[in-house]
Amino acid sequence: FPRMAGGFANNTFNWSQPGHSIEDEWDYSHFQEPMANFDIRHMNALDFLQDPSIIDTEKTQLMTLDPPYFLEPGAYGEKKNQEGFDEPTTRKLATLAGDLAASGMPIVSYNSAHAAPIFEDAGFDVHYNKRRDNFRSRKGSEMVDKPEMVATANTGMTEDDWFRDHEEHRWPYDDLEPRRVVKGSQSTLDAF
């Protein structure tokens, strides 16, 4: 499960102030025994995906990828509100993941709808979750739902399998435009 961000290890570290020790905030010691056989590494995710001494495509049961989303704002690294990964980085990620998938490794990757053609070119099947846009949907602003790409390879699951028992999470529209959500139980409006 490579967790990617532009400069920090993951979101937990992104939320930490400079000089703040993560141990001060979270105590993971109770996971020590069940995770005794885990190998946790801090390294560039693209390097990780290319290192055959780490990834065994015959033994890996499932790899998930959740990078900074292509063309979407976020708080990555030193420059806050960057637009996720750029196109060359997203394309390299999809290509590396596609190479692993071509060897038979089951992979699920999440990204923005903008990345879908890139992952399709790399051999993935793509469908869309419905997801709240957490960057725009802040307190005091309107709530927004958006499509989130789910790219799968070698999982044995169709789109209908993915949403079985969770149909409410499927992107229900024919287009991929974000939808403004009205307060309470009112209906979803047209794209803004």
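Model, not experiment: these values are computed from the prediction.

A word on the packing of aromatic side chains
Here is step 1: The tally for this structure, following the rule as stated, stands at three aromatic pairs.
Here is step 2: Judged by centre distance (5.5 Å) and plane angle (70°), the rings of Phe119 and Phe124 are edge-to-face. The pair Phe119 / Phe124 is uniform in exposure class, with both members buried.
Here is step 3: Over the face of the ring belonging to Tyr173 we find Arg179, whose NZ or CZ atom lies 3.9 Å from the ring centre.

What about unusual backbone geometry?
Excluding glycine, a negative phi dihedral is what most residues carry, and trans is how most peptide bonds are arranged.
Here is step 1: Phi at Asn154 takes a positive value of approximately 60°, unusual for a residue other than glycine.
Here is step 2: By the secondary structure assignment, Asn154 is in the loop between strand E6 (143-153) and helix H6 (159-163).
Here is step 3: Look at Asn154 and you get partly exposed, because its relative accessible area is 43%.

Some points on the nonpolar core
Here is step 1: Among the nonpolar cores identified, the biggest contains 28 residues, and Leu49, Met63, Ile107, Phe119, Phe124 and Met149 are the most heavily contacted of them.
Here is step 2: When residues in this core are grouped by element, the largest group, six residues, is from helix H4 (residues 87-102).

Things to note about the pairing of E6
Here is step 1: Among the 11 residues in E6, 10 count as buried, and that is most of the element.
Here is step 2: For strand E4 (residues 107-112) and E6, the ladder comprises six bridges, and the chain directions are antiparallel. Within E6, the residue paired with Tyr110 across the bridge is Val150.
Here is step 3: Bridging between strand E5 (residues 125-132) and E6 involves eight bridges; their strand directions are antiparallel. Looking at the pairing, Asp125 lines up with Thr152 of E6.
Here is step 4: Relative to strand E7 (residues 179-181), E6 runs antiparallel, the two sharing three bridges. If you follow Met143 over to E7, its bridge partner there is Val181.

Reading the values: the criteria
- Residues numbered from 1 in each chain as written.
- Predicted model: local features only at pLDDT ≥ 70, side-chain atom pairs only at ≥ 80, totals over all residues.
- Heavy atoms only, no water.
- Phe/Tyr/Trp six-rings, centres within 6.5 Å; stacked < 30°, edge-to-face > 60°.
- Buried < 20%, exposed > 50% of the residue type's maximum accessible area, 1.4 Å probe, protein only.
- Lys NZ or Arg CZ within 6 Å of the ring centre and 35° of its normal.
- Helix = DSSP H or I, 4+ residues; strand = E, 2+ residues; numbered from the N terminus.
- Core = buried A, V, L, I, M, F, W, Y, C linked by side-chain atoms within 4.5 Å.
- Pairing = 2+ DSSP bridges.

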